[in-house]
Amino acid sequence: MISLIKVLADGCLDPLHGGHIAYLDAAKALGNYLVVNTVTDAEIWQKRPTIGPFLPAPSRLAVLRGLRAVDEVVVMDTLDALRSIKPQIYAKGKDLEGRLPAAELQVCAELGITVKYLDTVHNSSTALLKQFIDQVKS
């Protein structure tokens, strides 16, 4: 019998780009069931107060559900996702190594979740959106 190895990949994922696809494929390779959490629109507004979400949560869900690596998609606060999904592995981008919020590390430690940093996402959705906005304005 094959045991379930649940992986959680988490982020804004807005807009989704090639780096995200590589990240999700690599996350799926860490286990055999990939849950993707795209954070709430409110969290995106906090992170990008002048831009906000490019795609609202229902649209992000639809896009993510269509990816072959993805088994399940949720929209919730990251800490809530860690607590409710209880994955064995929490996959994050290498760019967050040493910068992952203390609260996330604490929840992972409490629940015995292993954090794996993947070297796959090399561009930022926020930077891509700002570049697009600057092009439109000029």
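Residues numbered from 1 in each chain as written. Predicted model: local features only at pLDDT ≥ 70, side-chain atom pairs only at ≥ 80, totals over all residues. Heavy atoms only, no water.

1. Side note on the pattern of salt bridges
At step 1: As enumerated under the stated definition, the model contains six salt bridges in all.
At step 2: Measuring nitrogen to oxygen at the nearest pair gives 3.2 Å for the salt bridge that ties lysine 92 to aspartate 10. Here lysine 92 is found in strand β4 (residues 89-93), whereas its partner aspartate 10 is found in strand β1 (residues 6-11), with 82 residues between them in sequence. Just as lysine 92 is buried, aspartate 10 falls in that class too.
At step 3: The residue lysine 94 makes a salt bridge to glutamate 97 at a minimum N-O spacing of 3.1 Å.
At step 4: Residue glutamate 97 is classed as partly exposed on the basis of its relative accessible area of 43%. (Salt bridge = Lys/Arg side-chain N within 4 Å of Asp/Glu carboxyl O. Helix = DSSP H or I, 4+ residues; strand = E, 2+ residues; numbered from the N terminus. Buried < 20%, exposed > 50% of the residue type's maximum accessible area, 1.4 Å probe, protein only.)

2. A closer look at the environment of serine 59
At step 1: Tracing the sequence through the fold places serine 59 in helix α3 (residues 57-65).
At step 2: Separated by 45 residues in sequence, serine 59 and aspartate 14 have C-alpha atoms that sit 9.9 Å apart.

3. Observations concerning helix α4 (residues 78-85)
At step 1: By the burial criterion, the buried members of α4 are Thr78, Ala81, Leu82 and Ile85. Projected down its long axis, α4 carries its buried residues within an arc of 100 degrees, all on one side.
At step 2: Looking at the buried residues of α4, the elements they touch are β1, β2 (33-38), α2 (41-47), β3 (72-74), β4 and α5 (102-111).
At step 3: Of the residues flanking the start of α4, the one acting as N-cap is aspartate 77, its side-chain oxygen 2.9 Å from the backbone nitrogen of leucine 79.
At step 4: Just downstream of α4, lysine 86 is the residue with a positive phi angle, here 50 degrees. (Arc of directions from axis to C-beta. Contact = heavy atoms within 4.5 Å. Polar contact = N/O pair within 3.5 Å; in protein donor to acceptor, adjacent residues only side chain to side chain.)

4. Here we look at the sheet that holds strand β5 (residues 114-118)
One key point about sheets: their strands pair by backbone hydrogen bonds, in either a parallel or an antiparallel sense.
At step 1: Spatially, β3-β2-β1-β4-β5 is the arrangement adopted by the five strands of the open sheet, whose pairing is parallel. Both edges of this open sheet fall to β3 and β5, since each of them pairs with a single strand only. On average, each strand axis in the sheet is tilted by 25 degrees relative to the strand beside it, whichever way the strands run.
At step 2: Of the strand pairs in this sheet, β1 and β2 are connected by six bridges, and their pairing is parallel. (Pairing = 2+ DSSP bridges. Axes fitted to C-alpha atoms, helices over the stretch in contact; angles between N-to-C directions.)

5. Notes on the packing of α4 against α5
At step 1: Contact pair α4 / α5: the axes reach a minimum separation of 10 Å and the direction vectors enclose 5 degrees. Here α4 lies roughly parallel to α5, going by the angle between them. Packed against α4, whose contacting residues are Thr78, Leu79, Leu82 and Arg83, the element α5 presents Ala103, Glu104, Val107, Cys108 and Leu111 at the interface.
At step 2: The class makeup of the residues in the contact of α4 with α5 is six nonpolar, one polar and two charged. (Parallel < 35°, antiparallel > 145°, perpendicular 65-115°, else oblique. Nonpolar A, V, L, I, M, F, W, Y, C, P; charged D, E, K, R; others polar.)

6. Digging into the side chain of lysine 92
At step 1: Judged by relative accessible area, lysine 92 falls into the buried class, the value being 6%.
At step 2: With sequence-adjacent residues up to four places away left out, lysine 92 is seen in contact with Asp10, Gly11, Tyr23, Leu100, Lys116, Tyr117 and Leu118.

7. Description of the pairing of β4
At step 1: Here β4 lies mainly inside the structure; five of its five residues are buried.
At step 2: Alternating positions in β4 separate into two faces, Ile89, Ala91 and Gly93 on one and Tyr90 and Lys92 on the other, with burial throughout.
At step 3: The pairing of β4 with β5 spans five bridges and is parallel. Within β5, the position partnered with isoleucine 89 by the bridge is threonine 114.
At step 4: Between β4 and its parallel partner β5, the chain crosses via α5, and the hand of that crossover is right-handed. (Right-handed = clockwise from strand over helix to strand, strands pointing away.)

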